[in-house]
Structure formats: structure tokens, C-alpha cells
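Structural characterization, general
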Amino acid sequence: MAFVLTGATLIDGNGGAPLNNAAVYVEGERIAWVGSASDLPPAAQNAEQVDVSGKWLMPGIIDAHIHICYNGSESTFALLEKPRDDLVLEAVDICERTLAQGVTTIRDVGGEQYIEMSLRKAIDRGFIRGPRMKLSGRVISMTGGHAHFIAREADGPDEMRKAAREQIKAGADLVKLMATGGSATPGQDIHASQLTVEEIAAVTEVAHMMGRHVAAHCHGTGGIRNCMLGGVDTIEHGTYLDEETADMMVENGAQLVLTLGAGNPDLESYPLSPVQQADAKRRKPMIEQGVKQIRKTIALARAKGIFLGIGTDAGGNPLAPHQFAMARELELLVENDLTAMEAITIGTRNNAKVLRWDDEIGTVEAGKYADLLLLDADPLVDIRNLREIAAVYKGGEKV
Ligand SMILES: [Zn+2]
């Protein structure tokens, strides 16, 4: 199967000026050629021509921090009481909706009973539809640590090694650690460090030996410092980054994966259930403080030149539904003074690098998977136009 999308304005994900009247030639599941519609190579001229003039074409969006097994509208405790089959069937729906919203790849950083591994297999075999996936399996936390109710609890370097190896055995592409407290765990101090440098270093050593990267949930500064001393690759959230830890991240080449929407829920665009209302009330002071703090963190990270990725944390708490969560995430980057082009680049090319998958996804370039998002309106004029979806292609197939 081969076709050419012609006439759209192309935003290729590399951050340069958009290309008007572009053509993207797709052969099978990959992009074979990209350029101006007037320079179409002979092979492409014989393929089916799909006129998409008047539309905007960009890479499929990548969510670098998601929890695909949780619906993001009930408490995790309530979800854990459900029969496993109920979780599975709802997760199938979440996979389908995520893809339909233009997110063609995700990085799940905290799964449930390895359901996410089965979802990936079902998607790869064509039983259900959903995004490409990089998966961490179960999160690893200290005994009683952040999200311990879903975690593989482990203490001390030896147990941490074993816990990491268990995830890799189950099919994990990365290992996820909980290095500080978190607001989704009632009664926790988000500033408290929860893993020692030795425990973190034990995990990064065994993960790197197996070609996996390590992501760590961090809010407090001490946790970020421990993670940099322990060789962590990506800091998730990074709320209380300071000068010293920012410098350490640059020195290590570590990446910061911001999650803005889960800490700044969009309470207007959907009806809140009583559970959500209660959670919004409980977390109100934390949310207000967090929004102010993250503005400072983003400015500091950009001033220091830290490599930025972005994810939704959708599913991570009862106010993080899988509802245009990446569109909102990129909108919030623009609210934090980035241009729409910078936001789109972070949500595509940069996130592909966070996933260690930039050789095959993240930009509209020859040789990469034809994961494409076609929009009815210009996202550079108004980033909210990421919700104006005309079509989504994954591996050259229209969803
Ligand atoms: Zn999370």
C-alpha cells in the first residue's frame, strides 16, 4: 500500500519553519519521501494521491508519561478493588481514545498487573487499536513509599536490583522509581526523599547493563539530587528543581519530563464526579502552589538548557482523565511562555528522544514510521487547534 498526502502545511517536528504545499509519500508503514508537492519523485506520482490541502500535517504526538491502565477519574484505591477484567476492558477503551486523539506513542511509567504488556501485544497483533508503547511495568518504591499500593516495594540495593530485574523480565523497556513523596498518596510529604543514592545507583547499574533507561518520580530537590548522583536518566515532574540540581542534570545529560496537566487539572471541561470534587478540594492548596512553582522550574530548566520532554500523567490521579490530555499539556507549555512550535517539538521529537526511539518516530522524515496527525486548523496560530483532528495515521494506516 502506498499513498501521498499532498497540499498540507507540514510541521515536521524538528522545529523549523513549516513547509507549505508539502507532500508526504507513505509506502507500507513508513515514510518514503517528504518534500514540496511540486518536486514529487516519479515513484510517488504513481501512488494514490490524497489531497489534504488546507490542512496541517505533523508527527503523531508522543505522551512521555502516562498510566494507561488507570482511568484518571476514580481513586487508585477504588480501581484496585475492581475485577481485573473490568480494568482490562476499560484500558482497551483508553488505548483507542488515546490514539484517536492524535497520540500515536506512549511511555507508560506505572502499570497494573502487567495489563499494559498484554495491551501492547494485542495492539501489535491487531486485535485492538492503540498507540505504540514503551513500558516500565510496576513502579518501584520503598516500603510505604509513593504509590506503594501499586508498587513493587523494595528496600536496600540488593532488593532494588531484584525488583528492577523483575520488571525487565516481564518486558519492561525502562525502570520507574519513586524517589520522593507524591501528592496522589494521601499523607505524604512531596519534599521527602524516599530512596538512597545507593538504592538508586543499584537500579541504574542493572537497568543500563540491560540497555534500559531509568525514570524517577521526583518533586523535592533532595530526590532530584539523589537521582543525579545515582545516574537516573529522566526526572519525572521535577517540581522543585533548583540551580544546583539543574546544573547536575545538564552535566549528566539527564532529561526533564514535565507533567503539567495532572497538577493543574482542567476542572471546567468535563463534569466532576463526587470523588473528583473531593480530590479537587483536598489538593487545592497543593495545586495552587504547584502551578506557581512549576512556572519557575520551567524558566530555570530552559535558562540552563535542560533537555525537556513532556507527559500527561493521565491516569495518575482522579483529576487526570485521558481526555485530550496531551493537547492540554502542550497548551500549558504555551501558557508557560513557550511558543506553539517549541511545545509541538517537545511533544514529538524531544519525546521520541526521551523514549530512546527517535530513530523511528517523532518527526516526519523519510525512513520513520508514518505516524501522522492531520489537523483542520493551524496549531501554530492557536495551540488549542491540536484538538481539531481531521485524521490520525499510525504506521501508514488511517485510524
Ligand atoms: Zn505518573
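As a reminder, the structure under discussion sits directly above these lines.
In short, a report on the structure. Since the model is a prediction, treat every value here as computed from it, not as a measurement.

Points about the overall build of the protein
Along its length, the protein carries 11 helices and 18 strands. For 399 residues, the compact-globule formula gives about 21 Å, and the C-alpha radius of gyration of the protein, at 21 Å, lands near that figure. The burial tally for the protein puts 57% of its 399 residues in the buried class. Contacts in the protein between residues far apart in sequence, at least 24 positions, make up 69% of those at least 6 positions apart.

What to know about the coordination of the zinc ion
At this site the zinc ion is bound by His65 (NE2), His67 (NE2) and Asp313 (OD), with donor distances of 2.1 to 2.2 Å. Each donor residue of the zinc ion lies on one chain, and together they are spaced H-x1-H-x245-D. Of this pair, histidine 65 sits in strand β6 (residues 61–66) while aspartate 313 is found in the loop between β15 (307–310) and α10 (325–335), placing the two residues 248 residues apart along the sequence. You'll find histidine 65 and aspartate 313 in the same group, each marked buried.

Structural notes on helix α9 (residues 274–304)
Here α9 spans 42 Å end to end across 31 residues, near enough to the 45 Å set by a 1.5 Å rise per residue. At arginine 283, α9 shows its largest bend, some 60°, and a proline, proline 285, comes one to four positions later. Among the residues of α9, Gln276, Asp279, Ala280, Arg283, Ile287, Gln293, Ile294, Thr297, Ile298, Leu300 and Ala301 are the ones counted as buried. Contact partners of the buried residues in α9: β13 (234–237), α8 (243–252), β14 (255–258) and β15. Just past α9, the residue glycine 305 takes up positive phi, approximately 80°.

Considering the pattern of salt bridges
In total, this model carries 22 salt bridges according to the counting rule given. Connected through salt bridges with shared partners, the residues Glu74, Lys82 and Glu90 form a single ionic network.

Remarks on the packing of aromatic side chains
The final tally for this structure, using the stated rule, is two aromatic pairs. Seen from their ring centres, phenylalanine 77 and phenylalanine 149 are 4.4 Å apart, and the 50° between their planes marks the pair as tilted. Taken together, the residues span a long stretch of sequence, with phenylalanine 77 in helix α2 (residues 76–80) and phenylalanine 149 in the loop between β9 (140–141) and β10 (152–153) at a distance of 72 residues. For phenylalanine 77, a relative accessible area of 39% corresponds to the partly exposed category. Over the ring of tyrosine 369 we find arginine 30; its NZ or CZ atom is 4.1 Å from the centre of that ring. Against the face of tryptophan 357 rests lysine 134, its NZ or CZ located 4.3 Å from the ring centre.

Some details on the side chain of glutamine 255
On the secondary structure map, glutamine 255 appears in strand β14. Here the side chain of glutamine 255 touches arginine 356 through a polar contact of 2.8 Å, side chain to side chain.

Concerning the sheet that holds strand β7 (residues 103–108)
Across the sheet, which stays open at both edges, the three strands sit in the order β6-β7-β8 with parallel pairing between neighbours. Since the sheet does not close on itself, it has two edges, and those belong to β6 and β8 (132–135), each with one partner. When strand polarity is set aside, the average angle formed by the axes of neighbouring strands in this sheet is 15°.

Quick look at the environment of alanine 391
Topologically, alanine 391 is positioned in strand β17 (residues 389–394). Spatially, the C-alpha atom of alanine 391 lies 8.4 Å from that of alanine 100, the residues being 291 residues apart in sequence. With near-sequence residues (within four places) excluded, alanine 391 lies in contact with Leu372, Leu373, Leu374 and Lys398.

Calculation rules
- Residues numbered from 1 in each chain as written.
- Predicted model: local features only at pLDDT ≥ 70, side-chain atom pairs only at ≥ 80, totals over all residues.
- Heavy atoms only, no water.
- Helix = DSSP H or I, 4+ residues; strand = E, 2+ residues; numbered from the N terminus.
- Rg over C-alpha atoms; globule rule 2.2 N^0.38 Å.
- Buried < 20%, exposed > 50% of the residue type's maximum accessible area, 1.4 Å probe, protein only.
- Contact = heavy atoms within 4.5 Å.
- Donors = N, O, S within 2.8 Å, 3.2 Å for Na, K, Ca; no water.
- Expected span 1.5 Å × (residues − 1).
- Bend = angle between axes of the 7 residues up to and from the residue.
- Salt bridge = Lys/Arg side-chain N within 4 Å of Asp/Glu carboxyl O.
- Phe/Tyr/Trp six-rings, centres within 6.5 Å; stacked < 30°, edge-to-face > 60°.
- Lys NZ or Arg CZ within 6 Å of the ring centre and 35° of its normal.
- Polar contact = N/O pair within 3.5 Å; in protein donor to acceptor, adjacent residues only side chain to side chain.
- Pairing = 2+ DSSP bridges.
- Axes fitted to C-alpha atoms, helices over the stretch in contact; angles between N-to-C directions.

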